[in-house]
Amino acid sequence: MSVIIKNGRVVTATDDYIADVFIEGETVSAIGKNLPHKADQTIDATGKLVFPGGIDPHVHLDLPFMGTFSSDNYETGTKAALFGGTTSLIDFAIQTQGKSMYNAVEEWNKKSEGNALCDYSYHLAVTDFNDQTRHEVKKLIKDGITSFKTFMAYKGALMVDDGQMVGLMHEVKEQGGMVTVHATNGDMIDHLIAKHRSESKMSPLYHYLSQPEITEAEASGRFVDMAYYTDVPAYIVHLTCEGALNQVRDASRRNQKVFVETCIQYLLLDASLYESDGFEGSKWVMSPPLRQKKDQATLWAGLNQGLVQVVGTDHCPFYMKQKQMGENDFSRIPNGHPAIEHRVELLYSEGVRKNRISINKFVEATSTNAAKIFGMFPKKGTIAVGSDADIVIFDPNEQHKISAKTHHHNCDYSGYEGWDVTGKCKTVLLRGKVAIDNNEAKVNKGYGQFIRRKQLSKVI
Ligand code: URP
Ligand code: ZN
Ligand code: ZN
């Protein structure tokens, strides 16, 4: 099967030109002006952008969490991803304390195999690092799972202490992987939660007030120091605020490189939403919480300064019925919200169209940098001869509104209800096959493949 995309504006992290893209099978085989190639399928992309399929490196599908499960499973979550121009994602296979890391991979394979529509990989979330589990790191990296996630919060469920962190870092450094982190100070947060509960302060606003900026800045600095000491490649997930980014900025003064991901919600939404009426604020209960406008400014600047390389989502949806588990106690509200479908379009609409970032930066942040950092480049993350034909054909002028009535997330609300967006993913190809066309899915569950990742690249 061959496809030719004619006359589109091809945009990558470095280029921007009008060309045809010829695809044979799963990969791009020629790019050029007025290509003479005959193809089985021709797509006219005149007036459209043609950019690499998005890669969301922070997604939770079917996650057992806070007494329930995130509401998108591999079928619904990967389908929503494709509708929004994301062709690959990285989920977190979470080790259960007391069990092995491979047990987590087996559990996640049961969720994903035969169910995914887009391509996917896992970070291994290490919750119990000890002499029994240490040896698994080497084999996991050989099997293509090269990044190891840690939590400095959620004590008793997911959190590791600093001893485990440093032990893991030494091992991962030796075997050639990357350590990533949810960097907030779990003990401080638990103290503040207990304080607010003892004062009968139970509304969603107190979720926010239990995780002030300093809890994230402190943990980020501690993580950065431990990574410096062990010299392990390091990546901070869902960084939200000025104080935390300044820890990374400071580390660069001693020639340390720490990769940073923020998420689309931290660029666009702020903590005033926690003051919404009644229980409404629970829609945005996530960890870390939304921050202040000054933090949004820091994150946009951080993207342009190259201090923030990736924009993910931390997609982790829950129905309002699930959120209501915390109706009388904010600390029982499942943390997370739906976002995977909107990341690419929102970053284009709010970032590129509003001149906050360039179009090449947009491609870098939604696709190329995640591919490079997590060992998928140049198979993923670019449009080049030999790369997987994961391609979005995008109308930069089409206007639409976000709504839970029309989104594809398995969730009954949207954190962006009523938002106007300019720019729409019209056709999405995954490995050479049209996966989405004019608002219809053209692939079925099972088309998505597991991505075995290479060791990490320093080229970024
Ligand atoms: O609120 C969030 N972020 N939920 C998912 C778990 C995590 O901390 O990433
Ligand atoms: Zn987290
Ligand atoms: Zn997360």
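For the structure itself, look to the data block above.
Everything quoted here is computed from the prediction, not taken from an experiment.

Conventions we followed
- Residue numbers here run from 1 along each chain, matching the order of that chain's written sequence.
- Chain letters and ligand numbers both follow the written order, the letters beginning at A and the numbers at 1.
- It should be noted that, the model being predicted, local features are given only for residues of pLDDT at least 70 and side-chain atom pairs only at 80 or more, the latter also being counted only at that level, while totals for whole chains, interfaces and linings use all residues.
- With hydrogens and water excluded, all non-hydrogen atoms of the structure serve as input to the side-chain values.
- Counted as donors are N, O and S atoms no farther than 2.8 Å from the metal, or 3.2 Å for Na, K and Ca; water is not among the atoms, and sites may therefore look incomplete.
- Irregular is the label for any site that misses the other tests, which are tetrahedral for four donors with all angles between 85 and 135 degrees, and square planar for four donors or octahedral for six when opposite donors exceed 155 degrees and the remaining angles lie between 65 and 115.
- Strands are runs of DSSP state E lasting at least two residues, helices are runs of H or I lasting at least four, and both sets are numbered from the N terminus onward.
- A simple rule labels every residue: compare its accessible area, found with a 1.4 Å probe on the protein chains alone, to the largest value its type can have, and call it buried under 20%, exposed over 50%, or partly exposed in between.
- Criterion for a salt bridge: a side-chain nitrogen of Lys or Arg within 4 Å of a carboxyl oxygen of Asp or Glu.
- In what follows, a contact means two residues having at least one pair of non-hydrogen atoms within 4.5 Å.
- Two aromatic rings, drawn from Phe, Tyr or Trp (for Trp, its six-membered ring), form a pair once their centres lie within 6.5 Å of each other, and the interplanar angle then sorts them: stacked below 30 degrees, edge-to-face above 60, tilted otherwise.
- In our convention, an over-ring charge means Lys NZ or Arg CZ found within 6 Å of a ring centre and within 35 degrees of that ring's normal.
- Cavities and pockets were defined on a 1 Å grid built from protein atoms only: a cavity is a group of points that admits a 1.4 Å probe but offers it no way out, a pocket is an open group of points flanked by protein on both sides within 12 Å along at least five of seven lines, and a lining residue is one with an atom within 4 Å of any such point.
- Grid points are joined across faces, edges and corners, and a volume is the space filled by probe spheres set on the points.
- Under the convention adopted here, Pro, Cys and the residues Ala, Val, Leu, Ile, Met, Phe, Trp and Tyr are nonpolar, Asp, Glu, Lys and Arg are charged, and Gly plus all remaining residues are polar.
- Helices are assigned an expected span. That span is 1.5 Å times one less than the residue count.
- This arc corresponds to the set of directions leading from the helix axis out to the C-beta atoms.
- Pairs of N or O atoms within 3.5 Å make up the polar contacts considered here, provided that, within protein, one atom can donate a hydrogen while the other can accept it, and that residues adjacent in sequence are counted only when both atoms are side-chain atoms.

### Thoughts on the coordination of the zinc ion (ligand 2)
In the first shell of the zinc ion (ligand 2), the protein supplies His182 (ND1) and His238 (NE2), at 2.1 Å from the metal. For the zinc ion (ligand 2), the four donor atoms in the first shell make angles of 57 to 150° at the metal, so the coordination geometry reads as irregular. In this structure, the zinc ion (ligand 2) is positioned 3.7 Å from the zinc ion (ligand 3). Placement of the pair is histidine 182 in strand 12 (residues 178-182) and histidine 238 in the loop between strand 13 (234-236) and helix 8 (242-252), with a sequence separation of 56 residues. Residue histidine 182 shares its accessibility class with histidine 238, and that shared class is buried.

### As for the pattern of salt bridges
Using the criterion set out here, one finds 33 salt bridges in the structure. For arginine 9, the salt bridge is made with aspartate 16, and the minimal N-O distance between the two is 2.7 Å. Glutamate 75 serves as the salt-bridge partner of lysine 445, at 3.8 Å between the closest nitrogen and oxygen. Of this pair, lysine 445 sits in the segment after strand 19 (440-441) while glutamate 75 sits in helix 1 (residues 74-83), placing them 370 residues apart in sequence. Looking at glutamate 75, the relative accessible area reads 31%, which means it is partly exposed. Because the salt bridges share partners, they merge into one network encompassing Glu26, Asp119, Lys379, Lys380, Asp388, Asp390 and Arg431.

### Focus: the coordination of the zinc ion (ligand 3)
Summarising the metal site, the zinc ion (ligand 3) is bound by the protein donors His58 (NE2), His60 (NE2) and Asp314 (OD), whose distances to it range over 2.0 to 2.2 Å. Taken together, the four donor atoms surrounding the zinc ion (ligand 3) define angles of 84 to 134° at the centre, an arrangement classified as irregular.

### Observations concerning the side chain of glutamine 296
Following the sequence through the fold, glutamine 296 ends up in helix 10 (residues 293-305). When its relative accessible area of 10% is taken as the criterion, glutamine 296 is described as buried. Ignoring anything within four residues of it in the chain, the contact list for glutamine 296 reads Tyr266, Leu267, Leu268, Leu269 and Asp270.

### Some thoughts on the packing of aromatic side chains
Scanning all chains against the criterion turns up 13 aromatic pairs. Look at tyrosine 120 and tyrosine 122: their rings are 6.0 Å apart centre to centre, the planes differ by 40°, and that puts the pair in the tilted class. On the accessibility criterion, tyrosine 120 (4% relative accessible area) is buried. Between tyrosine 348 and phenylalanine 394, the ring centres sit 4.9 Å apart and the planes meet at 65°, which makes this aromatic pair edge-to-face. Placement of tyrosine 348 in helix 12 (residues 343-352) and of phenylalanine 394 in strand 16 (residues 391-401) is noted, with a sequence separation of 46 residues between them. Considered together, tyrosine 348 and phenylalanine 394 belong to a single accessibility category, that of buried residues. One aromatic cluster in this structure is built from Phe51, Tyr348, Phe362 and Phe394. Just above the ring of tryptophan 108 sits the side chain of lysine 111; from NZ or CZ to the centre is 4.7 Å.

### Re empty space enclosed by the protein
All chains considered together, the criterion is met by two cavities of 30 Å³ or more. Each pocket or cavity is described by its volume, and for the largest cavity that value is around 120 Å³. Together, 17 residues line the largest cavity, and His60, Phe65, Tyr154, Ser287 and Asp314 are the ones closest to its centre. Considered as a void within the structure, the second largest cavity measures approximately 30 Å³ in volume. Forming the boundary of the second largest cavity are Pro52, Gly53, Ile55, Thr87, Lys379, Lys380, Gly381, Thr382, Asp388 and Asp390. Taken together, the residues of the lining of the second largest cavity sort by class into two nonpolar, four polar and four charged.

### Quick look at the layout of surface pockets
The volume enclosed by the largest pocket comes to roughly 580 Å³. For the largest pocket, the lining is made up of 30 residues, of which Phe65, Met66, Tyr154, Ala157 and Leu158 are closest to its centre. Residue assignment for the lining of the largest pocket shows that the elements contributing at least two residues are strand 7 (64-65), helix 2 (101-112) and helix 5 (186-198). The element best represented in the lining of the largest pocket is helix 5, accounting for five residues. The residue makeup of the lining of the largest pocket, split by class, is 14 nonpolar, eleven polar and five charged.

### Considerations on helix 2
Given a rise of 1.5 Å per residue, twelve residues ought to cover 16 Å, and the 17 Å separating the end C-alpha atoms of helix 2 matches this to within 8%. All of the buried residues along helix 2 are Met101, Tyr102, Ala104, Val105, Trp108, Lys111 and Ser112. On an axial view of helix 2, the arc spanned by its buried residues comes to 165°, and they lie on one face. Between a side-chain oxygen at the N-terminus of helix 2 and the backbone nitrogen of tyrosine 102 the separation is 3.4 Å; the capping residue is serine 100. After helix 2 finishes, the residue glycine 114 shows a positive phi value of roughly 80°.

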